[in-house]
Every structure is written in C-alpha cells, then in structure tokens.
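Structure assessment
What follows is each chain in one-letter form.
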Amino acid sequence: MTNTAVHMEGQLHAPAHGTVATAAVHAKGQQHPIKLYLVVWGWLFVLSTCSYLVDYFGLHGYLRWSLILLFMVLKAGLIVAVFMHMAWERLALAYAILAPPIAVLVFVAIMVLESEYTHLLRVLFFASPS
C-alpha cells in the first residue's frame, strides 16, 4: 500500500477529535442555565401583572382587547420558545409548528375586516329611514 492509502485507512477507523467530545455532551443531555428560566419566569410575572392592570385601570374597547391579546401572545411566545425548547429547534420544525396558528390569525383578521364591511353595507342599504 502507498502512504496515502495507509493514511486514509487510518482516518476511516479513527474517530475525529471533536466527535468524542460532542458525543459526551449529547449523552449527558443539554443543560440550560437556571438563570434563563428565572428570567423567563420574571417576564411572565411582569406580563401577567400588566394584563391584570388592564382590567384594574378599567380600559375599554379596542385598547383593552389589543393589550390583553398582546400580553397573551408575548406570554405564549416565551413559554413556547423556552419551556417547550422551540428556540433551539430546527427552523423547519419551528415553521411546521408556528405557521398554522399564524395562518389562523391572518384568516381571523380577514374575517373581522369582512364582517365590518358587511355590517357597514347592511347599515347603508338596509337601514330603515329615520
């Protein structure tokens, strides 16, 4: 055998330097620092307090519902990203899980706009003369 063939054969059977270290880390499991979870719990507490304050201050109408929905989406995003480990998943999996709810929200927004348009037309054309 030539020197090149012997060298390549040795590389095929010997594990790479980084492979052993990577395998040891994955065998033990990935650990996230406790600080990350404490910070997320703190943000969840702050967002829940803000959601409560919307009712406490007596906000009404679109402002109230917009703030409540905003705080709800932020809390859900934190929970999904950190506690369900979506922040560390592959992009394709994230799209597979996040795309359907986003599509539903877009369709709900379209229905809300359509309902306002339909309501306006009914008032304009079918309202009794006053």
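Residues numbered from 1 in each chain as written. Predicted model: local features only at pLDDT ≥ 70, side-chain atom pairs only at ≥ 80, totals over all residues. Heavy atoms only, no water.

Observations concerning unusual backbone geometry
Cut-off, in case you're wondering: The way it works is that DSSP assigns letters per residue, a run of H or I at least four long becomes a helix, a run of E at least two long becomes a strand, and they are numbered from the N terminus.
The backbone phi angle of His85 is positive, close to 60°, even though this residue is not glycine. By secondary structure assignment, the location of His85 is in the loop between α4 (61-83) and α5 (91-126).

Points about the UniProt feature "transmembrane region" (unreviewed entry) in the protein chain
For clarity, the cut-off: UniProt positions are given in the numbering used here, feature names are shortened, and annotations may be inferred rather than shown by experiment.
UniProt's entry tags residues 36-59, 65-84 and 91-113 with the feature "transmembrane region" (unreviewed entry), counted in the numbering of this structure. Annotated as residues 65-84, this span is 95% helix and 0% strand, and its ends, taken at the C-alpha atoms, are 27 Å apart. The distance separating the terminal C-alpha atoms of residues 91-113 is 32 Å; by composition the span is 100% helix and 0% strand.

Some remarks on the packing of aromatic side chains
For any pair of aromatic rings, geometry is given as the distance between the ring centres together with the angle between the planes. The condition is simple: Whether two aromatic rings pair depends on their centres lying within 6.5 Å, for rings of Phe, Tyr and Trp, where Trp uses its six-membered ring; planes under 30 degrees apart make the pair stacked, over 60 edge-to-face, and the rest tilted. Think of it in three bands: with a 1.4 Å probe and only protein chains considered, a residue is buried below 20% of the maximum accessible area for its type, exposed above 50%, and partly exposed in between. Two conditions define a charge located above a ring, namely a distance within 6 Å from the ring centre to NZ of Lys or CZ of Arg, and an angle within 35 degrees of the ring normal.
Inspection of every chain in the model, using the stated rule, returns 4 aromatic pairs. With a centroid separation of 5.7 Å and an interplanar angle of 25°, the aromatic rings of Tyr37 and Phe83 are classed as stacked. Placement of the pair is Tyr37 in helix α3 (residues 34-56) and Phe83 in helix α4, with a sequence separation of 46 residues. Classification of Phe83 by relative accessible area gives partly exposed; the value is 28%. Arranged with centres 6.1 Å apart and planes meeting at 20°, the rings of Trp41 and Phe83 form a pair that is stacked. Here Trp41 is found in helix α3, whereas its partner Phe83 is found in helix α4, with 42 residues between them in sequence. Exposure remark for Trp41: the relative accessible area of 45% places this residue in the partly exposed category. Directly above the aromatic system of Trp65 lies the positively charged group of Arg64, at a separation of 5.1 Å from the ring centroid.

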